[in-house]
Amino acid sequence: MEKKTQKPQTESPEKGKILSKPRIFFGLTFIVFSGVLALSFISYLMNWKSDQSQSGTMLDKSIKSSNIFGKLGDWLGNIFIFESIGVASFIVAFLFVVFGTMILKKKIFKPWMTFGHSLFFICWLPIFFGAITKGQGNAGVLSGVYGYQIMDSLNAIIGSVGLWLVLVVSIALYFILEFNLRPSSIKSKFNEINENTIGRVKSMMPNSSENFEADEELENEIQDSSSNITVTDLSDQPNVQDAVKVTKVSNEAQSSSNVEAIVTPNQTSFEEVIRDPSPTVSLDLNTKPIIPVAKPEDAFDIKPSSDGIKFNVEVAPPVEILTDAELHSNDLVEKHGLYDHRLDLAQFQMPTLDLLKDYGNEEISVNKEELEENKNKIVGLLKNFNVGIAEIKATIGPTVTLYEIVPEAGIRVSAIKKLQDDIALNLSALGIRIIAPMPGKGTIGIEVPRKNPTMVSMRSVIASQKFQNTDMDLPVVFGKTISNEVFMADLSKMPHLLMAGSTGQGKSVGINAILTSLLYKKHPSELKFVMVDPKKVELSLYSKIERHYLAKLPDSDDAIITDTHKVINTLNSLCVEMDQRYDLLKNAFCKNLKEYNKKFSERKLNPENGHRYLPYIVLVVDEFADLIMTAGKEVELPIARLAQLARAVGIHLIVATQRPSVNVITGMIKANFPARAAFRVISSVDSRTILDSPGADQLIGKGDMLYFNGNEILRLQCAFVDTPEVERLAEFIGEQKGYASAFMLPEYVNEEATSSVGSFDPNEKDQLFDEAARIIVSTQQGSTSMLQRQLKLGYNRAGRIMDQLEASGIVGGFNGAKAREVLISDLNSLEQFLEDLRS
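A word on the pattern of salt bridges
One side chain can pair with another of opposite charge once the charged atoms of both are near each other.
Working step 1: Tallied over the full model, the rule gives 25 salt bridges.
Working step 2: For Arg-433, the salt bridge identified is with Glu-447, shortest N-O distance 2.8 Å. With Arg-433 in strand 5 (residues 433-435) and Glu-447 in strand 6 (residues 444-449), this residue pair connects regions lying 14 residues apart in the sequence. In this pair, the class of Arg-433 matches that of Glu-447, namely buried.

Considerations on the side chain of Arg-581
Working step 1: With respect to the helices, strands and loops of the structure, Arg-581 is situated in helix 18 (residues 564-587).
Working step 2: Under the relative-accessibility criterion, Arg-581 is labelled buried at 0%.
Working step 3: Reaching out from Arg-581, the side chain makes a polar contact with the backbone oxygen of Val-649 at a distance of 2.8 Å.
Working step 4: What Arg-581 contacts, discounting residues up to four positions off in sequence, is Leu-593, Leu-614, Pro-615, Ile-617, Val-649, Gly-650 and Ile-651.

Here we look at the sheet that holds strand 6
Working step 1: Strand order in the open sheet formed by four strands is 3-4-6-5, with antiparallel pairing between adjacent strands. Since the sheet does not close on itself, it has two edges, and those belong to strand 3 (389-396) and strand 5, each with one partner. Here the strands of the sheet are splayed against their neighbours by 20° on average, with no regard to which way each runs.
Working step 2: Bridge analysis of strand 4 (residues 400-407) against strand 6 gives six bridges, and the strand direction is antiparallel. Its bridge partner being in strand 6, Glu-404 is matched across the sheet by Gly-445.
Working step 3: Across the sheet, helix 11 (residues 368-384) is in contact with strand 3, strand 4 and strand 6; its angle to strand 4 comes to roughly 40°.

Here's the deal with the pairing of strand 4
Working step 1: Taken across its eight residues, strand 4 has six buried, putting it largely inside the fold.
Working step 2: Of the strand pairs in this sheet, strand 3 and strand 4 are connected by seven bridges, and their pairing is antiparallel. Looking across to strand 4, one finds that Ile-389 is bridged to Pro-407.
Working step 3: Counted along the chain from strand 3 to the antiparallel partner strand 4, the turn is three residues long.

So, the packing of helix 26 (residues 769-779) against helix 29 (residues 827-838)
Working step 1: Close contact between helix 26 and helix 29 brings their axes to 10 Å; oriented N to C, the two are set at 155°. The orientation of helix 26 with respect to helix 29, classified from their angle, is roughly antiparallel. Considering only the axes of helix 26 and helix 29, their crossing is right-handed. On the side of helix 26, the interface is formed by Phe-769, Asp-770, Ala-773, Arg-774, Val-777 and Ser-778, while helix 29 contributes Leu-827, Leu-830, Glu-831, Leu-834, Leu-837 and Arg-838.
Working step 2: Among the residues forming the contact of helix 26 with helix 29, the class breakdown is seven nonpolar, one polar and four charged.

A look at helix 28 (residues 795-808)
Working step 1: The first and last C-alpha atoms of helix 28 sit 20 Å apart over 14 residues, in line with the 20 Å expected at 1.5 Å per residue.
Working step 2: Count one or two residues on from helix 28 and you reach Gly-809, which has phi positive near 95°.

Quick notes on a negative patch on the surface
Working step 1: Side chains of Asp-555, Asp-557, Asp-558 and Glu-747 sit close together on the surface and give a patch of like negative charge.
Working step 2: Examined against the element boundaries, Asp-555 turns out to sit in the loop between strand 11 (551-552) and helix 18.

Looking at the layout of surface pockets
Take a probe with the size of a water molecule and roll it over the atoms, and the empty space left behind shows itself.
Working step 1: In this model, the second largest pocket occupies a volume close to 780 Å³.
Working step 2: Taken together, 28 residues make up the lining of the second largest pocket; nearest its centre are Arg-433, Ile-435, Met-438, Glu-447 and Ile-713.
Working step 3: Going through the elements one at a time, strand 4, strand 5 and strand 16 (713-718) are the ones with two or more residues in the lining of the second largest pocket.
Working step 4: A breakdown of the residues in the lining of the second largest pocket according to their chemical character gives 12 nonpolar, eight polar and eight charged.

Examining the sheet that holds strand 14 (residues 675-678)
Working step 1: An order of 8-7-16-15-14-9-13-12-10 is seen for the nine strands of this open sheet, with the pairing classed as mixed. Two strands bound the open sheet, and with one partner strand each, they are strand 8 (486-490) and strand 10 (527-532). For this sheet, the mean angle separating the axes of adjacent strands, direction not counted, is 30°.
Working step 2: For strand 9 (residues 497-500) and strand 14, the ladder comprises four bridges, and the chain directions are parallel. Across the sheet, residue Leu-497 finds its bridge partner in strand 14, namely Ala-675.
Working step 3: In the packing of helix 16 (residues 507-519) onto the sheet, contacts are made with strand 7 (475-481), strand 9, strand 10, strand 12 (616-621), strand 13 (651-657) and strand 16, and the angle to strand 7 comes to roughly 130°.
Working step 4: Docked against the sheet, helix 18 engages strand 10, strand 12 and strand 13, running at close to 155° with respect to strand 12.

The rules behind the values
Residues numbered from 1 in each chain as written. Predicted model: local features only at pLDDT ≥ 70, side-chain atom pairs only at ≥ 80, totals over all residues. Heavy atoms only, no water. Salt bridge = Lys/Arg side-chain N within 4 Å of Asp/Glu carboxyl O. Helix = DSSP H or I, 4+ residues; strand = E, 2+ residues; numbered from the N terminus. Buried < 20%, exposed > 50% of the residue type's maximum accessible area, 1.4 Å probe, protein only. Polar contact = N/O pair within 3.5 Å; in protein donor to acceptor, adjacent residues only side chain to side chain. Contact = heavy atoms within 4.5 Å. Pairing = 2+ DSSP bridges. Axes fitted to C-alpha atoms, helices over the stretch in contact; angles between N-to-C directions. Parallel < 35°, antiparallel > 145°, perpendicular 65-115°, else oblique. Left-handed = near helix turned anticlockwise from the far one by under 90°. Nonpolar A, V, L, I, M, F, W, Y, C, P; charged D, E, K, R; others polar. Expected span 1.5 Å × (residues − 1). Patch = residues over 30% accessible without salt bridge, like charges linked within 9 Å, V, L, I, M, F, W, Y side chains within 5 Å. Areas by Shrake-Rupley, 256 points an atom, 1.4 Å probe, with all protein chains shown as cover. Lys, Arg positive; Asp, Glu negative; His and termini not counted. Charge placed at Lys NZ, Arg CZ, Asp CG, Glu CD. 1 Å grid on protein atoms, 1.4 Å probe; cavity = no way out; pocket = protein on both sides within 12 Å on 5 of 7 lines; lining within 4 Å. Points joined across faces, edges and corners; volume = space filled by probe spheres on them.

Set out below in structure tokens:
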């Protein structure tokens, strides 16, 4: 094979030519000025209403500019965009780049062709944007005065139809002339593509004459040199599963192509496997044979031949083996795409910020006189008690100012904590709270309420970038911290929240803030609420979103539960739902709801096997103390069971109460609610019941709260959302298309009630059964003590009669301290019922 001689490359005289410094300076100046123009134009378009008014005020220091390049950027944007050619001014900035590259002698663009295209679009774009923005608020900005005036003149002369005809014809002619879009040229290009495709197919066919000739030459070359190649059949060796490549290098010329053969354990014929004449790395035959050992060591042995031929042993990379189910799911994803759980409500629009009230400027105003006065009082008081201060600084929040002090060496922390009441007396302020020491800092904090607090609106925290760009699964925004930062938490990580506070301290507003933040972030297919409202008025506003976000029992009329008996059934139904979800997760080999829904979206779970997309379920209980008082253990046990187990399957609890006593918030409940929010309470005992530490009794109310996440206690100002705002939000969601009904929870059957009714025998009823039934129906009050008084019975017999009345279906089940529900309305119906029992 003849060697190809390459001619030495001669270096062009321009390649080593050094540019002069003025040329470099002016070239870079043009390019930098192009960037200044582009950024000025972008900033002007974003704030054009305010920037337009800045023209002619370059030296007026009282007017502040919103442009990125200040008043110079305002002037450039006004001259080029508004008073000239609109957005076509960006082409002018591009032309400065072209001039710069020409000066630097960089052949990036073709100058004359670039200038021609630019000139066309500088003339066409302003007229086009003037036509499409005619009559709108931004008319004249995108087109500029030039484009708008020409468009207006053409519209007056040839009309709207003629104007658009000129625009369309001109741009069509441009593309036809530029890209040679004549029918004959298009046809010739299609013919060329077809010929290339047919030629490639023919060249790839194994029966072509060229392939036969190449195969014959390859086989002849291998047969001639077969005596110099030793091939070891590895099919009988253990642990050999990968292919082994054997490469032989010709002695005559190292630059020629190598012959590569692949021997696998399933092949015995050498000629059958030689089909790849691809070049490999050339090896020197005069050196000693090198045999690399495949890993693991001593897995197999390869002996070289005596003529000094090298063997390359390469173990092929492991191949990922997919199961039939995975292959099927991949095919479904390629065919239909990922499962979209939002398709049922594809047109659903998320709420907008306009639904929330704008309370104006919420910036914190710094009162230096107040800060200085409080600082002097704190330092002076501590000095009177012989407590030296080395350093003090203040952090101003919406409602509270935090003074951080660094005591001098030798001062005990307990000495400062004991002075809490004295500091409050000296400052004449309520709600003084001392944090000694502050977690993670070497300071002691003293929280002092501000004289003029700033309100934190729900709109301000919802509109924050922190909330808009969050990737939390269930983002809950509470309000702002002392440092005026928006505070958020992930409900799925909490995983349950316990809220407590006295009446009128912002507890219900806090619940509305939590629900509002979830409604602003989650689609109806991703989140469902189970709402329990014993007070019947706090959560009734959300009844309008029943077909979108609420869940209920199949036999329930209202999605918002107010009856205690239905609350018990709903909680037990949630336990059934939890067990069913755990079964689905077990069959899908998933640990939590997020992994399960991801698998289902990737079509790896078959809906015919019961799998479905599982939304998050949030149980909201507004007044937990009333449920404990009326139902007791019947409510506490399912609540505790859900709190212990439901977090992994996406069921989370928000429980609120206004009476944080130990018989309401029991140890079993507190152990499973690591996240707690405390509003102002009356005594430090109540604060310790909620937070296991004092502090909630020192709050000032009106949304002032402490949040405990299991590690540290944070003081927050809860965001304020008013009732009209919640109404507008619920109406906006309720007016849109929803599901056919609310999300149905599994039906719960009370086994004890069923067994008691089934065990009733009319022949074994008490002799006073009929008389007791008449008393109960006539008074419509199912009370055991009333039977004792009316029939002059002991408690045991009256209790047995009441059990028989319940088993027969005359009265309802036990309802705590309340009387049982009477199921028969009048005496006539009762007599008919008793007659049916006798028969």
